[in-house]
Structure formats: structure tokens, C-alpha cells
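This is what each chain is made of:
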Amino acid sequence: MRNIAVNQDPAVEALETREWQDSLAYVLQQGGGVRRAADLLRQLEFHARQTGFRLPFTASTPYVNTIPASQQPAFPGNQAIERRIKSLVRWNALSMVVRANKLSDGIGGHISTFASAATLYEIGFNHFFKGKGAGHDGDVIFFQGHAAPGIYSRAFLEGRISLKQIENFRRELQDGGGLSSYPHPWLMPDFWEYPTVSMGLGPIMSIYQARFMRHLEDRGLMPAGQRKVWAFLGDGETDEPESLGAITLAAREKLDNLIFVINCNLQRLDGPVRGNGQIIQELEAAFRGAGWNVIKNIWGSDWDPLFERDTEGLLAQRLGEIVDGQYQKYSVESGAYIREHLFGADPRLLELVKHLSDDEIRKLRLGGHDPVKVYAAYASAVAHKGQPTVILARTVKGYGLGEAGEGKNITHQQKKLNEDELKAFRERFAIEITDEQVHKSPFFRPADDAPEMQYLHSRRKALGGYVPSRKPTTDTVSKNLEPIFEEFYGGTEGRKASTTMVFVKMLAKMLRDPDIGKLVVPIVPDEARTFGMEALFRQVGIYSHAGQLYEPVDSDTLLYYKEARDGQIFEEGITEAGSMSTFIAAGTAYATHGLNTIPFFIYYSMFGFQRIGDLIWAAGDARCRGFLLGGTAGRTTLAGEGLQHQDGNSHVLSLPVPNCVSYDPAFAFEMAVIIQDGIRRMYGNGESIFYYLTVMNEPVEMPAMPDGAREGILKGMYKLKATSKPKAKLRAQVFGSGSILPEAVQAQQILEEKYDVGADVWSVTSYGELYRDGHAAERWNMLHPAETPKVPYVTQCLADAPGVFVAASDYLKALPDAIDRWLPRKLVSLGTDGFGRSEARADLRNHFEVDARFIVVATLSALMRDGKLEAKVVQKAIADLGINAEKANPATA
Ligand SMILES: Cc1ncc(C[n+]2csc(CCOP(=O)(O)OP(=O)(O)O)c2C)c(N)n1
Ligand SMILES: [Mg+2]
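Residues numbered from 1 in each chain as written. Chains lettered and ligands numbered in written order. Predicted model: local features only at pLDDT ≥ 70, side-chain atom pairs only at ≥ 80, totals over all residues. Heavy atoms only, no water.

## Focus: the site of ligand 1
In the vicinity of ligand 1 there are 18 residues, among which Thr113, Asp235, Gly236, Glu237 and Lys397 approach most closely. One of the side-chain nitrogen or oxygen atoms of Asp235 is found 2.8 Å away from an oxygen atom of ligand 1. Take Gln267: an N or O atom from its main chain is 2.9 Å from an oxygen atom of ligand 1. For ligand 1, whose accessible area on its own is 590 Å², the fraction buried by protein is 76%. A class-by-class count of the residues in the shell around ligand 1 yields three nonpolar, ten polar and five charged. (Near = heavy atom within 4 Å. Polar contact = N/O pair within 3.5 Å; in protein donor to acceptor, adjacent residues only side chain to side chain. Areas by Shrake-Rupley, 256 points an atom, 1.4 Å probe, with all protein chains shown as cover. Nonpolar A, V, L, I, M, F, W, Y, C, P; charged D, E, K, R; others polar.)

So, in C-alpha cells, the structure goes:
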């Protein structure tokens, strides 16, 4: 090779380039083939770096298909019939949305998402998605939420959804039933498996689902198979942090059972995803960097001959220069415009398309709309080993809508088509609907014996049945759990323990149980030591598909950090969102994998409902079962940590989740009753509920369970300790919860001893359950005026209770306030409204005014308002108890 001069002329440069290319070609043909060529290039790169030369970093590859035409498999299906099926699905999906909006303006619905993704789904339905029929292991498919009309439309063709239902799309309350706007297992429990429409949650749940499936295989709970997790997402959706936030985990865990299909229509709701950039290139770089197998499917077969003739790589280079906003413009422009602006950049490119008419140029199909290309991408993804795969499929948003919205910025919201637009759509997809009928956009289903219908059914039969379809197991956990939990009813006899310690002990016992042990799934986001769970590391091991490739630093200790392929603990690292996704995978395994796995996810309570509330909402929708444990809970119980960590919110935030049952237990026996009953209700009775329990780190003496307390514990309150002065003139009912319950007991003593007030102490385990029960009764009474009214449980407890009512908890005052209406007299609420502080418990309880002294003052003050005491008695008590009446209001401090 000759010396390379600086500023040499272009002809010399071209010659040089050719020489290097020839050398490579020689190695490829004559020498060691691809392996040797790659080796040489690597060595060259190494050599370049050694000489101090910095190569520009490129994480993306040229803007062309990853799978060259020469390596495409033959398409195994009947393309004409499949196009026909797809056209029918398109038509009915469009009709569904158009009709719904005609009947009820503003009812919404989306056409353009599915219009762009139809081929991506249809190739899946006809060739890849496995059903759960006999002898098949079903795939787990996360359908893009806004593509729901297309999924319904196919199910309608398949005869799985009635005409009535499809007519009532987005009208779920109509006679004959309707269809939910988006995938919601809560609303359609035989159909949808996973909620996806809150963008970003589908992708992260799918990653942890694939990982959980691997875990079930590694632990022998599920046979190793070919099952795949498919996640369909929008390109705009990838901006949600959850979408890409866990992709490194998928690569690290080598999840080759996971396939992302990203519909790159280059648009989101308002406009282009990356007007001034290229979303496909950006995503390719992110996924490649994370270690994924990336398959770009950008150009359809129409482009193959152009690329073939483009020996100089000019076309690929030109296509790589164009930003997405401009590509979107091409999708709405004429062929002449594309010829001039895209190919016109270089006379050699114009030459390349000289033989094509303007119309042919306009119709050059993109990869995501080409069944052959989509099939090739899926086949390659399914066969790929050792890495998860992402398919980046280029499409046009609103494909087929023509003037009504194809590629336009308004397309996402388009739901009305005029008659001409409907006619154009009908013609484009050759649907046999007459001119007279078309304005009504009627649904259309061919006769059962039509070839396309037979094809459709035979394909699904061959693939194991129809999808989506949700099939919960009928197996139940019927074991008597009393032997596990009974030891906790007795109390600790003077020894102190925290409810967290108690929970860990229960967990360890459940894990050791020969029947349910293997079903228990402990999940922790890098917080096991905080909760004293490290003994479990050794007992059951931390799950790692790779096993343990190193000697742990603490290997000489009893409780060493043990990672194992059959490990049972999910030590997720610092990701509550990821941990919650594992919780959802494990808590829905009864419906997805026929396994009653019981997840226990323990985390810093402040980072649960507050941080990942939307995933918890999705868990509720997905009919997920299991136990969430908010650890180190209670605004004044978590000493030291301060404003960010101290949780006084979570019981308020859990209340809106309709099927989440929340408790703030104080003692071991309460926990034992609640968890045991929870397993019975969820896994024995098959109720679609899950639990939220707060557990504390404050050591307290655990009393023995009072007789007859069990029912009250579950319903939300029971009398823990009656006053020893029932005959006293002054009476009170004091409610305590969780870690504030011992303060209530102490207040009872002060009230009796110093102020001659006979106070009964109640443990309120769940304001949420009392609130729900109260409203249920009130509602029933409203609708049944002539019948004997139902009495809310809280009223049953307190209707005849004498004296004033005072409640204190470590959560917002809103919680006790929620039950006030069902008490015979007004309730005084103490709680922890306001930002937390770094402090010791006693100082925090003084600051938030929830300690025994404040309970005493609140009680006396209420008695005074009732005219039972003089103000000066309260004043004196305030002084005697050392309370500063002028202190700052913690709610705003
Ligand atoms: C968390 C969340 N934020 C916002 C929305 C509202 N939203 C629904 S669809 C959409 C645009 C979707 O664009 P893209 O992901 O590219 O999907 P496409 O329809 O283009 O396939 C938006 C913003 C949502 N559903 N979820
Ligand atoms: Mg999009």
C-alpha cells in the first residue's frame, strides 16, 4: 500500500478505498472467510488504538435491513389469503372505531396504531404466536394498548367475540356486554392477560416475565420449552423510562425467550417521535449497547432490487441522512416529490429509480408492511440464541387511511371517516360492501366455509389455539396453614421484636414448608439487610441463572451471599419498578403458567405506592395475587431517615386500588391472622385480590392474641384492651394502629391513672377495609329503603361504646377521618400530615403529635368540648405533659 498523502485528490482516495475493499474481499473469498475477516478488522482496530488513534464510536449500523434479501427464508404461508384476512381485520377494526364514534361522539378509539401494525400482528397470528391448547406451551404476548381494535377485530373474525360486543366497543355497560377500550384483564378476564396501555409498563413487565419464566424452568417448576414473550410497543412509548430501563437486565440474563417488536411508525400522538433525528437508529444504538440482538426491518421487498444495483452503497448512505420528520413528509407526498427530494440528491440515485413511475415510487413498501420481511425478522428472532431480540419495524402510522390520516400528524386521534374516505379504504382492501352500505361502515365476516376463514382457523389450530386468551388454573392451595402460623398467636412473653422480624420469621417458615415452600417467591430490591432477611440468602439462595461464578467475599461466614441457579429469592437490585414487575409475573402465574406462586415483595414503604403506583394499579387490573410489604413504615417509626423516607402516605395511596386489601398491623398475631387468611382467600378461594401490609422496624413486646379477635383483625378493628374503669364518669374509645398502637395503650394508662378517664383501646388494623365496608352498607341501604338497614361493621363495634372517640396512626389524618360518619359521635384524628424529619422516634412523635401524651390531650379536649371537663383541666394537662401549645403545625412545617 502506498503512502497516504494529506489532502490528496478524490480519485486517489477512491483508489485507496478500493484497494482496502479488495483486500477484504480477497480474505473473504480465499482466506478464512468471515471469521478471519472479522479477526483482521478487530486486529486493525486494536492496532489503530495502539497508535493513539481514536475511532469514532458508532453504535448503530447503516439504515438498511439487518437481514439481507439473500438470507430471507421462503415465506411459508399463502400470501393472498393472508392479505385477505388482514384486510378483513383492518376493515372491522376501522368500523368498530368509526361506528362507536357515530353512535356516541367522543367515545374515542384508535385506528391508526393498528393500521400501522396490522402486518406485524397478522404474521404473528398466522405463523408464530403459540396458544395454550393441549400439548402447547402458550407464548406470553403483551399487545400494544392502542392496537386493541385490531386484536378485537381478529377475535371477531375467529368467532370469539360476538357482533353485539364488537358493536359495543368502548360501551362496556350496554346490554349484551361490550369491549374495553384497551387490554384490561379486570374487565375481560377470559381474554386479556396483561394491561399495557399505560405506556412503558408492558415493556418492563415483559422483561421480568421472561426472566420469571426462566426462573420457573431453572427451579424445575415448569418444563424448559420454546415459549416466548412477545412485547409490542410503540416507538413513542420508548420515551417512557420504564420501556428501556430494564433492557440491560434482559441482555445480562441472556433472555432469548424475549422478543420486543417496536412499531416504528415514526409518530406518536402529537407529531414525529424524532422529527430531527432517527428513532430507529437511536433505538438500535441503545439496544445494541445493552447487548440485544437487533433486527432492523426498514425496507420492504420493493427496495431489494434497488439495493442490489446500488453497488457503491449510495442509496444506503442517502437513506441514512434523512431525518424522521422528512421521512414522514415523504409518506404523505407524491412519487414525484419523493423522486425529486429523496433520490434527487444524487444523479446516480435518480438513475437507480429511472425505471419506476411516480406511482411506483410512492408505493415502494416499507419493511413493517411487508409480510415476507416481517416473517423473516420473526423467524430469525425466534431462532436466536443467547440474547433477547428487538425488531425495529418501519411502518407508516394510519397506513391505509389515505387522505383520512395516513402519515399525518392528526392521525393518532382520527376516529371519523367520511363516506369518500370509507369508500377509498374499502377499495384499497377489496371489502365486499356496496356503495349504499359503505356509509354505515358495517362489520363484515365471510361465511364459515370461506377459504380465508378455514385458513385462519387452521393456522390457529396448528399453533395451539386462539390468542389472547387468559386461562387461570383451577388448582388451589388447600393446605391447612395453621401449623405455620399458630406459634405467632402466643406473644413474645416480654421479649421485643419488630413486625418486620416477625414477617421474616414467617417467611422463613413458609419457605421451609414441604407443600407451599416451593411456591413462595420472596422479592427484595437491595434492601434485605435493612429488613434482617440475610439469613434467607443462605437458606434458599438468591436466584441467578448463571449460578455463582465467583467466591463470595463472605464465603467463610454462615450467612454468605449465595447465588444459585435454583435460588429462590429475587434480589432485584435497586429497582422497585423491576421488583414490582417480578411481583406481577409471579402473582399472575396462576393464569399464565398454571402455577399458584405466592410473591412477597418487601420494600421501603415510601418507594411503593408513591413511586410505582401505576404498576401497582396494573397489578390490580391483571388480577395479580400476593403480598406487598411496605417495610420500615410509619412516618414517626422510621427514625433518622427523614423527609424522603418516612412514610405516612402509603395507606392513603393504597385505598384507591379496589382489589388491594391493606392492613397496618401492630403485632405478630395480627400479621399471622392476616397472611394466613390472605393465602386462603387468594389461593384457596381464588379471589382476585392482593394485599398491602406495612411492617415496622421498631421492636415492641408482642402480646398474645385476645380471644375472639380474629374476625375483627380481618374486618379492620377489634377491642384490644378494655378499660379497667368501666364505671368511670368520663369515658373514651381510643383507636391505635400499627406502631402507634402501643402509644394508645400507654395513653389508656395515663388517662385512667391521672385523669380518671376509662378508655377502651381498639386496634384498627385497616381503616381502608372499614371504609369500604361502611360505604357498601350505606349504598345498599340507599337502594333498599324498605328493608332492614345493614349496619357497617365499625358501627356494630361502636354504636354503644361510651365516651369520646380519638384515633391515632402513623399515617395521614385522612385515614381515621374516612370512618367518622359511621360513629355515633364525632371522631378526633391524630396523624402524621406533613414532611418528615431526621430524628429519634420520641421526638418525631412529639413533632407529629401522635404520642401517648397527645392522645391524652386529644381525649381530654374532646371531653371538654362535650361539656364534661373544664378547659383548665386540659390546659393543666398540656403543661403537665410537657407539651408546647405554640409549637409549629407539623402539617405545614
Ligand atoms: C403513561 C402514558 N402516557 C401517555 C399516554 C397517552 N398516549 C396514548 S397513545 C400515545 C402516543 C403513542 O405513540 P406510540 O408509542 O408511538 O404508538 P403508535 O400509536 O404510534 O404506535 C400517547 C401519548 C398513555 N397511554 N400512557
Ligand atoms: Mg409511533
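## Digging into the coordination of the magnesium ion (ligand 2)
Here the magnesium ion (ligand 2) is held by the protein donor atoms Asp235 (OD), Asn265 (OD1) and Gln267 (O), which lie 2.0 to 2.2 Å from it. Between the donor residues of the magnesium ion (ligand 2), the gaps in sequence give the motif D-x29-N-x1-Q. Pair noted here: Asp235 is in the loop between β2 (229-234) and α8 (241-244) and Asn265 is in the loop between β3 (258-264) and α10 (279-290), with a separation of 30 residues, a long-range link. With a relative accessible area of 1%, Asp235 lands in the buried category. (Donors = N, O, S within 2.8 Å, 3.2 Å for Na, K, Ca; no water. Helix = DSSP H or I, 4+ residues; strand = E, 2+ residues; numbered from the N terminus. Buried < 20%, exposed > 50% of the residue type's maximum accessible area, 1.4 Å probe, protein only.)

## Side note on the layout of surface pockets
Taken as a whole, the largest pocket encloses approximately 1200 Å³ of empty space. Every residue lining the largest pocket is counted, 47 residues in all, and those nearest its centre are Arg362, Lys363, Tyr399, Glu406 and Arg428. Put simply, the parts of the chain that give the lining of the largest pocket at least two residues each are α3 (79-103), α4 (112-128), α13 (324-332), α16 (358-362) and α18 (419-428). Ranked by the residues each element gives to the lining of the largest pocket, the list is headed by α3, at six residues. Grouping the amino acids of the lining of the largest pocket by side-chain chemistry returns 22 nonpolar, eight polar and 17 charged. Approximately 660 Å³ is the volume attributed to the second largest pocket. (1 Å grid on protein atoms, 1.4 Å probe; cavity = no way out; pocket = protein on both sides within 12 Å on 5 of 7 lines; lining within 4 Å. Points joined across faces, edges and corners; volume = space filled by probe spheres on them.)

## Details of empty space enclosed by the protein
Scanning the model with the defined rule gives seven cavities of 30 Å³ or more in all. Here the largest cavity is characterised by a volume of approximately 90 Å³. In terms of lining residues, the largest cavity is bounded by 13 residues, among which His651, Ser766, Tyr767, Gly768 and Leu815 are the most central. Where the lining of the largest cavity is concerned, the elements lending two or more residues are β13 (660-663) and α31 (767-783). Looking at the lining of the largest cavity, its residues break down into five nonpolar, seven polar and one charged. If you add up the space inside the second largest cavity, you get close to 60 Å³.

## Points about the packing of α4 against helix α17 (residues 371-383)
One way to put it is that α4 packs onto α17 with a least axis distance of 10 Å and a crossing angle of 60°. With respect to their mutual orientation, α4 and α17 come out oblique. As for the relative orientation of α4 and α17, their crossing is right-handed in sense. Every residue of α17 that contacts α4 at Thr119, Leu120, Ile123, Gly124, His127 and Phe128 is listed here: Pro371, Val374, Tyr375, Tyr378, Ala379 and Val382. (Axes fitted to C-alpha atoms, helices over the stretch in contact; angles between N-to-C directions. Parallel < 35°, antiparallel > 145°, perpendicular 65-115°, else oblique. Left-handed = near helix turned anticlockwise from the far one by under 90°. Contact = heavy atoms within 4.5 Å.)

## Considerations on the side chain of Glu670
Among the secondary structure elements, Glu670 is positioned in helix α28 (residues 668-684). Of the side chains with opposite charge, Arg710 comes closest to the buried, unpaired Glu670, at an N-O distance of 13 Å. Ignoring anything within four residues of it in the chain, the contact list for Glu670 reads Pro665, Ile713, Tyr718, Leu741, Ser763 and Thr765. (Lys, Arg positive; Asp, Glu negative; His and termini not counted. Salt bridge = Lys/Arg side-chain N within 4 Å of Asp/Glu carboxyl O.)

## Considerations on the packing of aromatic side chains
Within this structure, the stated rule accounts for 49 aromatic pairs. Ring centres 5.9 Å apart and planes at 75° place the aromatic pair Tyr63 and Trp299 in the edge-to-face group. Of the two residues, Tyr63 is situated in the loop between α2 (33-50) and α3 and Trp299 in the loop between β4 (293-297) and α11 (304-309); the sequence distance between them amounts to 236 residues. For the pair Tyr63 and Trp299, a shared accessibility class is recorded, and that class is buried. (Phe/Tyr/Trp six-rings, centres within 6.5 Å; stacked < 30°, edge-to-face > 60°.)

## Section: a nonpolar patch on the surface
Nonpolar side chains collect at one region of the surface, where Trp20, Leu24, Leu28, Val34, Leu41 and Leu44 lie side by side and expose about 550 Å² of accessible area between them. Listing elements by their share of the nonpolar patch, those giving two or more residues are α1 (10-30) and α2. Examined against the element boundaries, Leu24 turns out to sit in helix α1. (Patch = residues over 30% accessible without salt bridge, like charges linked within 9 Å, V, L, I, M, F, W, Y side chains within 5 Å.)

## Observations regarding the sheet that holds strand β17 (residues 730-736)
Judged by pairing direction, the sheet is mixed, and its five strands sit side by side in the order β16-β18-β17-β19-β20 without closing on themselves. Strands with a single pairing partner mark the edges of an open sheet, and in this sheet they are β16 (717-721) and β20 (827-830). Each strand axis lies, on average, 25° off the axis of its neighbour in the sheet, ignoring direction. In this structure, β17 lies alongside strand β19 (residues 804-808), joined through five bridges in parallel fashion. If you follow Ala732 over to β19, its bridge partner there is Val804. (Pairing = 2+ DSSP bridges.)

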